[in-house]
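# An overview of the molecular structure
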Amino acid sequence: MSSGTESSGADTANSPLSVEEIKVAALAALTVAGSEAVLDEWRVSYLGRKSDLTNVLRSISSLPADDRKAVGASANLLRASLEEALAEKTQELRGAAGSVADALDVTLPGRRRRRGGLHPTTQTIRELTDAFGAMGFQVAEGPEVEWERYNFDALNIPAEHPARDSWDTFWLESPDGEGRSDMLLRTHTSPMQARIMEKADPPIRVVIPGRCFRYEATDATHEWHFFQLEGLAVDKGITFADMKGTLFEFARRIFGPDRKVRFRVDFFPFVEPGAEMAIDCFKCNGQGCSLCKGTGWIEIMGAGMVHPSVLRNVGYDPEVYTGFAFGMGVERIAMLRHGIDDVRQFAAGDLRFLSQF
Ligand code: FA5
């Protein structure tokens, strides 16, 4: 602004600025104007009654006749273009301020922000690891893409063993595209038993939550991918009674004292003896319904004493160490806890279901 103010007044009387000089000074000052107040000063300096431009227009009559027309035309042209530039600049400054004001309409009703939440499976895993944590178990995790060696061989299930049929497997293709490789999507969390025992010495007390995959048909209690929580305890002198005590305590903590628990003999190649644990069906209270397939019970886990061959496979002496292991279905636990009657809800991504937890 100062250039405009300086160029008007007393100096001008001595050496009037040319139209071109006025134009350069005016446009330079306009470019840096940052507020409407400054624009007003600019208007007074460059277009006002005492401005250089007005002086030029006023002095036209005293110019030689030959110059009058040209100077008059260029001065009028400059006035018009400065007025236009001022209008544009005013608009620009108002626009910048206006966009903030427009963005805030205080009369609009507030927009509700949807809060995210933990998936019911995650919540259940946390409840389970807390319950076992309170009993002295640590938490570990392992790979979902697993070697055949850990998923089967280390667990006493060699190739061609009929027990492999119990776990319908998604195999990864071999790198040359010719048939399957020796990698798979783990069918259970039990491979972590071998991985952990290979790395650590007893005593071991660990639970391992994780996703499993099975190439099988789905129904209300079977998904093709689901979570398990594996448990492993190995030390000198661990007995079947320790396992039962631990699992009853887990059931009491998670389901309360009123749910019934059933242990039955079961077979898994990596435990001996093996057991299956079930909880009475929440839907029919043990009477038998479509969910529990008329049995009155919902199976939640397999368990047993770690097989001596499994201990030997990882370099433990089964004469010195014993242990128990279990593997439970996390969604099955959540179903029992919350009365959910279809396991497929967990991975369906339906917010109406998920937002209830
Ligand atoms: C096993 O997977 C063994 N690894 C468990 C085990 C661990 C036994 C350690 C002994 C020692 P099973 O296939 O029964 O066992 O699965 C264990 C639990 O996973 C089941 O009781 C059930 O709760 C859950 N489960 C199994 N298949 C599915 C499925 N398709 N959908 C949802 N949950 C399942």
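Calculation notes
Residues numbered from 1 in each chain as written. Predicted model: local features only at pLDDT ≥ 70, side-chain atom pairs only at ≥ 80, totals over all residues. Heavy atoms only, no water. Domains from an automatic or database assignment. Near = heavy atom within 4 Å. Polar contact = N/O pair within 3.5 Å; in protein donor to acceptor, adjacent residues only side chain to side chain. Areas by Shrake-Rupley, 256 points an atom, 1.4 Å probe, with all protein chains shown as cover. Helix = DSSP H or I, 4+ residues; strand = E, 2+ residues; numbered from the N terminus. Nonpolar A, V, L, I, M, F, W, Y, C, P; charged D, E, K, R; others polar. Pairing = 2+ DSSP bridges. Axes fitted to C-alpha atoms, helices over the stretch in contact; angles between N-to-C directions. Salt bridge = Lys/Arg side-chain N within 4 Å of Asp/Glu carboxyl O. Buried < 20%, exposed > 50% of the residue type's maximum accessible area, 1.4 Å probe, protein only. pLDDT = per-residue confidence, 0-100. Contact = heavy atoms within 4.5 Å. Phe/Tyr/Trp six-rings, centres within 6.5 Å; stacked < 30°, edge-to-face > 60°. Lys NZ or Arg CZ within 6 Å of the ring centre and 35° of its normal. Parallel < 35°, antiparallel > 145°, perpendicular 65-115°, else oblique. Left-handed = near helix turned anticlockwise from the far one by under 90°.

Another point: the domain arrangement of the chain. What the domain assignment reports for the chain is domain 1 (2-103) and domain 2 (120-354). Just the C-alpha atoms count here: the centres of domain 1 and domain 2 sit 84 Å apart.

Of all residues adjacent to the ligand, which total 25 residues, the nearest are His 188, Ser 190, Arg 214, Glu 216 and Glu 299. The side chain of Arg 214 places a nitrogen or oxygen atom 2.8 Å from an oxygen atom of the ligand. The backbone of Ile 300 places a nitrogen or oxygen atom 3.1 Å from an oxygen atom of the ligand. Surface burial for the ligand is 95%, taken as the share of its 670 Å² of free accessible area covered by protein chains. Within the residue set of the shell around the ligand, elements represented by two or more residues are β6 (225-235), β9 (297-306) and β10 (322-329). Here the shell around the ligand gets five residues from one element, more than from any other, and that element is β9. The class makeup of the residues in the shell around the ligand is ten nonpolar, nine polar and six charged.

A word on the sheet that holds strand β4 (residues 180-185). What the three strands build is an open sheet, ordered β2-β4-β3; its pairing is antiparallel. Two strands lie at the open edges of the sheet, namely β2 (145-147) and β3 (171-173), each paired on one side alone. This sheet shows a mean twist of 50 degrees between the axes of neighbouring strands, independent of strand direction.

Looking now at the pattern of salt bridges. What the rule picks out here adds up to 17 salt bridges. Between Asp 280 and Arg 259 there is a salt bridge, and its shortest N-O distance comes to 3.0 Å. One end of the pair, Asp 280, is in strand β8 (residues 271-280); the other, Arg 259, is in the loop between α10 (240-255) and β7 (261-266), and 21 residues separate them in sequence. For Asp 280, a relative accessible area of 6% gives the class buried. Glu 276 is paired through a salt bridge with Arg 262; the nearest N and O atoms lie 3.4 Å apart. Here the residue Glu 276 occupies a position in strand β8, and Arg 262 occupies one in strand β7, the gap between them amounting to 14 residues. Owing to a relative accessible area of 10%, Glu 276 belongs among the buried residues under this scheme.

Any region with low pLDDT has predicted coordinates that should not be read closely. The predicted model of the chain averages 89 in pLDDT, with 94% of residues at 70 or higher. Ignoring residues within four places in sequence, the model shows residues 1-13, a span with pLDDT below 50, making 20 contacts including any to other chains.

So, on to the side chain of Thr 189. Along the chain, Thr 189 falls in the loop between β4 and α9 (191-199). For Thr 189, a relative accessible area of 0% translates into the label buried. A polar contact is formed between the side chain of Thr 189 and the side chain of Glu 230, at a distance of 2.8 Å. The residues contacting Thr 189, other than those within four sequence positions of it, are Ile 208, Gly 210, Cys 212, Gln 228, Leu 229 and Glu 230.

Given two aromatic rings, their pairing is described by the distance between the two centres and the angle made by the two planes. This model, assessed by the stated rule, comprises 16 aromatic pairs. Here the aromatic rings of Phe 132 and Phe 137 are separated by 5.5 Å at their centres, their planes lie at 75 degrees, and the arrangement is edge-to-face. Of the two residues, Phe 132 and Phe 137, both sit in the buried class. Ring geometry for Phe 170 versus Trp 224: centroids 5.8 Å apart, planes at 75 degrees, classification edge-to-face. Here Trp 224 lies in the loop between β5 (204-213) and β6 and Phe 170 lies in the loop between α8 (148-151) and β3, a separation of 54 residues in the sequence. On the basis of relative accessible area, Phe 170 is assigned to the partly exposed category, the value being 24%. Lying across the ring of Tyr 150, Arg 149 places its NZ or CZ 4.5 Å from the centre. Residue placement shows Arg 180 over the ring face of Trp 171; its charged tip is 3.6 Å from the ring centre.

Moving on: the packing of helix α7 (residues 120-134) against α10. The geometry of α7 relative to α10 is characterised by a closest axis approach of 10 Å and an angle of 130 degrees between their N-to-C directions. Comparing the axis directions of α7 and α10 gives the class oblique. α7 and α10 meet at a crossing whose hand is right-handed. Across the interface between the two elements, Glu 127, Leu 128, Ala 131, Phe 132 and Ala 134 from α7 touch Thr 246, Leu 247, Phe 250, Arg 253 and Ile 254 from α10. Residues that form the contact of α7 with α10 fall into these classes: seven nonpolar, one polar and two charged.

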